[in-house]
Amino acid sequence: MHVTKMKGTLDFFDDSALKYQFLEDKANMVCHRFGFNKMITPIFEATELFTRGVGEGSDIVNKEMYTFLDKGERSITLRPEGTAGIVRSFIENKLYANDRVPKKLWYLENMFRYERPQSGRYREFLQFGCEAFGSDDPMLDAELISIPVLLFEMLGLKKVKVRINSLGDVDTRENYKKALMEYFAPHIKDLCEDCQARFSKNPLRILDCKVDKDNPILKNAPKILDYLNTESQAHFDAVLKYLEALDIDYEVDSRVIRGLDYYTHAVFEIEAEIEGFGSQNVICAGGRYDNLVGDLEGPDTKAVGFAIGLERLMLALEKENIAIPDNNYLDVYLIYLGEEAKEKAFAINHMLRIMGFKSDIDYNNRTIKANFKQAERLNASFAIIIGEDELKNNYLTVRNMQTKEEEQVKNKDLTSYLDAKLSQEEDSCSCDDCNHDEEHCKHDECHCNKCE
Ligand code: HAM
């Protein structure tokens with residue numbers, strides 16, 4: 001019997017692996033511009049980190065964690081999200097003592113949640129996230145929202161919507177919890193079993209219930225925005241003001257309450273509003289978490305962050321028909337006739353790679369005709385043919401795979417010949433987006449091979 005992949009997991013190869021690499025490169029580029037440094041933390045942590053960090057009232061901790069005892073009888077958990085591990089490391093490595101405040105960190109890593117798999121929801125998934133520590137300035141909240149917004153814009157995604165809410169500070173939430181408990185108390189029997197448990201643990205979670213989401217009892221519940229105290233209101237107003245300064249469209253939506261317990265003040269979700277996308281349409285989510293570092297016994301440090309679900313982002317690109325640059329091409333494909341030519345072709349292939357060309361060779365001793373087909377299949381710009389005559393007279397036959405024209409090039413002139421020919425090709429961008437019109441081509445937005 002074949003062993004198959006586990007339910008809710010994905011393999012990435014060919015196009016999907018290319019897409020993954022492309023998105024990681026873009027994330028890297030954007031993070032570089034915003035001054036975020038890459039961070040890598042362990043794939044598993046002590047279970048306690050998540051029960052204390054993400055919160056015992058959350059579905060993630062209650063139902064979705066991959067938790068087990070290791071051989072030393074320690075309870076460990078495969079990380080269900082990135083923030084808690086980053087905060088743990090921030091404290092443990094005393095990153096708060098760094099002179100670069102705010103400390104800006106990013107990650108792109110796999111996460112694990114035991115959820116019911118469906119399109120856009122997996123048990124192992126990838127998150128690209130950013131976390132900024134050391135400032136409660138609402139400008140930083142707006143900046144953290146502007147990162148995914150810019151990334152989506154650069155990728156050409158058009159149908160996305162930012163929904164934002166405030167969960168206020170601790171006082172606000174205590175008052176709001178009381179109001180919710182008073183409101184839900186007479187209705188509690190009409191809510192699902194999970195909500196009945198949530199009522200005493202954390203009534204805010206009831207608002208996030210998937211089962212009762214269309215229940216009028218939930219819809220008519222008090223709104224947190226009516227309970228913000230003066231400070232929380234001022235913080236939220238300022239975040240909105242800074243979003244407006246960046247021309248970022250948003251919708252204030254009191255239903256955004258988030259599924260993790262660590263949030264304070266502004267929280268947000270970015271949805272793909274694409275027809276047929278399915279119910280798992282939140283491609284990015286985040287917010288401020290001013291108490292988490294302190295709750296995990298670090299020094300009082302305010303923080304804000306977000307994470308993008310990479311599989312959902314890939315799905316959104318697909319649904320909006322956004323192609324990513326195809327790097328399945330070759331500059332050169334080497335063809336040889338006979339053993340002596342094969343050795344020489346092998347050496348030239350290696351030399352071309354050293355010189356920076358994307359080059360490959362026939363590994364299957366094909367006929368010339370089959371090799372030309374192969375060069376086409378591999379999308380090669382040039383084929384180099386080495387036969388008896390080429391060996392004897394120290395030249396190479398270079399075939400332009402587009403025009404089918406062949407030229408004899410001296411061995412020593414090969415790289416300068418290829419450089420010149422390939423840069424001619426590069427100069428003439430023929431993509432529909434820009435026609436390589438320098439004035440009009442916004443290279444960041446153009447997805448043609450030459451601009452990427
Ligand atoms: P989250 O909302 O749980 O937040 O996850 C963030 C994003 O990860 C979601 O919006 C979604 O795109 C993706 N995601 C979540 N679960 C799955 C799944 N089962 N399959 C596929 N994609 C999924 C967090 O994790 C917070 N740590 C975000 C954050 C960072 N807040 C502050 N800093």
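Please refer to the structure placed before this passage.
Just so it is clear, the model here is predicted, and its values are computed rather than measured. (Residues numbered from 1 in each chain as written. Predicted model: local features only at pLDDT ≥ 70, side-chain atom pairs only at ≥ 80, totals over all residues. Heavy atoms only, no water.)

(A) View of a negative patch on the surface. A contiguous patch of negative charge, built from E339, E340, E343, E388 and D389, is present on the exposed surface. Among the elements of the structure, α12 (339–354) and α14 (388–393) are those that each provide at least two residues to the negative patch. A total of three residues in the negative patch trace back to one element, the largest contributor, which is α12. Mapped onto the elements of the fold, E339 is located in helix α12. (Patch = residues over 30% accessible without salt bridge, like charges linked within 9 Å, V, L, I, M, F, W, Y side chains within 5 Å. Areas by Shrake-Rupley, 256 points an atom, 1.4 Å probe, with all protein chains shown as cover. Salt bridge = Lys/Arg side-chain N within 4 Å of Asp/Glu carboxyl O. Lys, Arg positive; Asp, Glu negative; His and termini not counted. Charge placed at Lys NZ, Arg CZ, Asp CG, Glu CD. Helix = DSSP H or I, 4+ residues; strand = E, 2+ residues; numbered from the N terminus.)

(B) Broad picture of the sheet that holds strand β3 (residues 66–69). Pairing within the open sheet is antiparallel, and its three strands lie in the order β2-β4-β3. Lying at the two open borders of the sheet, with one neighbouring strand each, are β2 (44–46) and β3. Pairwise comparison of adjacent strand axes, ignoring direction, gives a mean angle of 35° for this sheet. (Pairing = 2+ DSSP bridges. Axes fitted to C-alpha atoms, helices over the stretch in contact; angles between N-to-C directions.)

(C) Geometry of the site of the ligand. Residues in close proximity to the ligand total 27 residues, the closest being E81, E115, E131, R258 and Y263. E115 places a side-chain nitrogen or oxygen 2.6 Å from a nitrogen atom of the ligand. One nitrogen or oxygen atom from the side chain of E131 is found 2.8 Å from a nitrogen atom belonging to the ligand. Computed on the free molecule, the ligand has an accessible area of 660 Å², of which 96% lies beneath the protein chains in the complex. When contributions to the shell around the ligand are tallied by element, the ones reaching two or more residues are β6 (124–133), β10 (282–288) and β11 (303–309). The biggest single contributor to the shell around the ligand is β10, with six residues. (Near = heavy atom within 4 Å. Polar contact = N/O pair within 3.5 Å; in protein donor to acceptor, adjacent residues only side chain to side chain.)

(D) Fine view of the packing of helix α1 (residues 14–34) against helix α5 (residues 138–155). α5 packs onto α1 with a crossing angle of 135° between their chain directions and a minimal axis gap of 11 Å. Judged on the interaxial angle alone, α5 and α1 are oblique. Along this stretch, α1 crosses α5, giving a crossing that reads as right-handed. Here α1 contributes F22, L23, K26, A27, M29, V30, R33 and F34 to the contact with α5, which in turn contributes E143, S146, I147, L150, L151, M154 and L155. (Parallel < 35°, antiparallel > 145°, perpendicular 65-115°, else oblique. Left-handed = near helix turned anticlockwise from the far one by under 90°. Contact = heavy atoms within 4.5 Å.)

(E) Fine view of the nonpolar core. With 52 residues, the main nonpolar core has F36, F128, C130, L144 and F306 as its most contacted residues. Broken down by element, this core gets its largest block of residues, 10 residues, from α5. Contacts of L144, omitting those with residues within four sequence positions, involve F36, C130, A132, F268, V304, G305 and F306. With 48 residues, the next largest nonpolar core counts F50, F125, Y262 and Y263 among its residues. (Core = buried A, V, L, I, M, F, W, Y, C linked by side-chain atoms within 4.5 Å. Buried < 20%, exposed > 50% of the residue type's maximum accessible area, 1.4 Å probe, protein only.)

By themselves, these are just geometric observations and shouldn't be taken as functional.
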